[in-house]
Amino acid sequence: MAAIVITEEARHWQQVAHKVAEEVVRPIAKHYDEVQEYPEEVRRAYIENGLLGVWIPKAYGGHGAGIVALCLVIEELSRACGATGVAYAVNALGSFPILVGGSEEQKAHYLPQIAKGEKMIAFCLSEKFAGSDAGSMRCQARKDGEHYVINGEKKWTTNGGVASIYTVFAVTDPASKSRRISAFIVEKGTPGFSIKKVEDKMGIRAVPVVESHFDDVRVPAANLLGGRPGMGFKHAMQTLDFARPGVAAQGLGLAQGAMEYAVTYALRRQQFGQNLASMGVIQDMLGNMAAKVEAARSLIYRAATAVDLNDTDSINRLAAMSKSFATDVAMEVTTDAVQIFGGYGYMKDYPIEKYMRDAKITQIYEGTNQIQRLVIARNLIKDAGRFANIDAYIPRESYNAYHAVAESELAAGDEPSGAGGAPRGAQAGARSGAG
Ligand code: CAA
């Protein structure tokens, strides 16, 4: 499989996003961060420029440009404003369950509306007591004739309230271990569905993150994703595999954007009779930042290419690698950028502290970076059979007579003899103080 494939079409969408980012997003980023409101003019710009159809296949009204293109767009938007990057990306997250698990009818009905921007979509997986352990959710959906009735609540629904469609994960078979969860498509305005808490956040303040509540929400059985119960957890995991390179791209955009501000400021700021950019200590920081950004970029494009080429052996681990690596880079680079701005960097009238605040959440949502490393390690361990031949090169220690004694003592519930194989009586005597 090719490592990285960036098509002409993907580059086209990158340029479109760059224009939107510079002309629409950057000028208003500070204002919407302050007021913590959704930027409607940015939503209009997404729609007017066709950006919401980038990842949706042509058969369902989109541009079919793929996940590399999606990542390039997210990167460009996040370079100007992290909140805007996620406000856009979360539509991909919300629509992926339909793409990976929806029936033909569901795809044909919902995806064109999302591609045209007629409807925004959100993803409801996490709950107050089910974050990293997504499978332990409590929200329930009970079959009632030709309907399902959903009861429960969801936490951290990004785009909640703004979105018109929600992919909601709920327990349909509490007794089952692997087929416990199903996904449903719930439309805004369905009786019993409400937004009860809008979170006040450290960063990504222009996009709402809410608690969504389901009180006897009755949806037609036709809204069960894929028409088959019990597939929800699998669909959620596949969705996250598709979406995590996008969170990585958000981190990359933030890192790139903060680095650009840092260089620009370092060239302007004079101290000790020279600008900061000519100082070795600052060049050391800038050099490190640039190398990390470029490494993250390569890994993200590699992961997104794996999704586009349906490289099923690699998607899960590369998505997790790109997400954890790029978002850690985002945190490091944005923090260093604040450092280069010095005291001014800490102040809200300068643009840089927002990058650091926006970056933090990328290490947490869509699976904490600790969960990503668990996923990566599981893949590594699963594949260890491929290099099992090298086991022969690792010396094996064999048990000697001493260890055999120690083992038998342990088995008898006794302590092993001390180093040097001292007689048991001598050891016991030393403990008791007897001479
Ligand atoms: N693709 C397809 N199937 C998968 C899969 C994948 N990537 N990963 C797991 N599965 C399947 C397994 O094959 C298994 O299937 P069977 O039962 O048929 O064998 C089943 O799912 C259970 O798998 P695990 O035993 O591996 O599951 P687990 O309970 O150990 O959990 C986990 C694994 C990776 C920790 C997972 O729970 C996880 O990713 N947690 C993080 C959740 C997360 O990212 N939440 C963020 C939500 S979005 C958000 O942040 C808000 C927002 O709006 C931005």
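This text goes with the structure placed above it.
The following paragraphs examine the structure supplied in this document. (Residues numbered from 1 in each chain as written. Predicted model: local features only at pLDDT ≥ 70, side-chain atom pairs only at ≥ 80, totals over all residues. Heavy atoms only, no water.)

Here we look at the overall build of the protein
Here is step 1 of the chain: If you tally the helices and strands in the protein, you get twelve helices and nine strands.
Here is step 2 of the chain: With the C-alpha coordinates of the protein rotated into their principal frame, the extents come out at 90 × 80 × 45 Å.
Here is step 3 of the chain: Out of the 435 residues in the protein, the part that is buried amounts to 51%.
Here is step 4 of the chain: At a minimum sequence separation of 6, the contacts of the protein that also span at least 24 residues come to 73%.
Here is step 5 of the chain: For the protein, the accessible area works out to roughly 20,100 Å², and carbon and sulfur atoms hold 55% of it.
Here is step 6 of the chain: Mean positive and mean negative side-chain charge positions of the protein (47 and 48 charges, respectively) differ by 2 Å. (Helix = DSSP H or I, 4+ residues; strand = E, 2+ residues; numbered from the N terminus. Buried < 20%, exposed > 50% of the residue type's maximum accessible area, 1.4 Å probe, protein only. Contact = heavy atoms within 4.5 Å. Areas by Shrake-Rupley, 256 points an atom, 1.4 Å probe, with all protein chains shown as cover. Lys, Arg positive; Asp, Glu negative; His and termini not counted. Charge placed at Lys NZ, Arg CZ, Asp CG, Glu CD.)

Observations concerning the pattern of salt bridges
Here is step 1 of the chain: Taken as a whole, this structure holds 24 salt bridges when the rule is applied.
Here is step 2 of the chain: Between glutamate 332 and lysine 292 there is a salt bridge whose closest N-O contact spans 3.0 Å. Note that glutamate 332 is positioned in helix α8 (residues 315-341) and lysine 292 in helix α7 (residues 280-308), a separation of 40 residues in sequence.
Here is step 3 of the chain: Residue class for glutamate 332 comes out partly exposed when judged on its relative accessible area of 36%.
Here is step 4 of the chain: Arginine 396 is paired through a salt bridge with aspartate 391; the nearest N and O atoms lie 2.4 Å apart.
Here is step 5 of the chain: For aspartate 391, a relative accessible area of 36% translates into the label partly exposed. (Salt bridge = Lys/Arg side-chain N within 4 Å of Asp/Glu carboxyl O.)

Brief notes about the site of the ligand
Here is step 1 of the chain: Close to the ligand lie 25 residues; Ser132, Asp241, Glu366, Gly367 and Arg378 are nearest.
Here is step 2 of the chain: Separating an oxygen atom of the ligand from a side-chain N or O atom of threonine 158 is a distance of 3.0 Å.
Here is step 3 of the chain: Protein coverage of the free-state accessible area of the ligand, which is 1,100 Å², stands at 73%.
Here is step 4 of the chain: For the shell around the ligand, the element with the most residues is helix α6 (residues 232-268), which contributes seven residues.
Here is step 5 of the chain: Within the shell around the ligand, the residues separate by chemical class into eleven nonpolar, eight polar and six charged.
Here is step 6 of the chain: Built from parts of two domains, the shell around the ligand gets at least three residues from each of domain 2 (123-231) and domain 3 (233-384). (Near = heavy atom within 4 Å. Polar contact = N/O pair within 3.5 Å; in protein donor to acceptor, adjacent residues only side chain to side chain. Nonpolar A, V, L, I, M, F, W, Y, C, P; charged D, E, K, R; others polar. Domains from an automatic or database assignment.)

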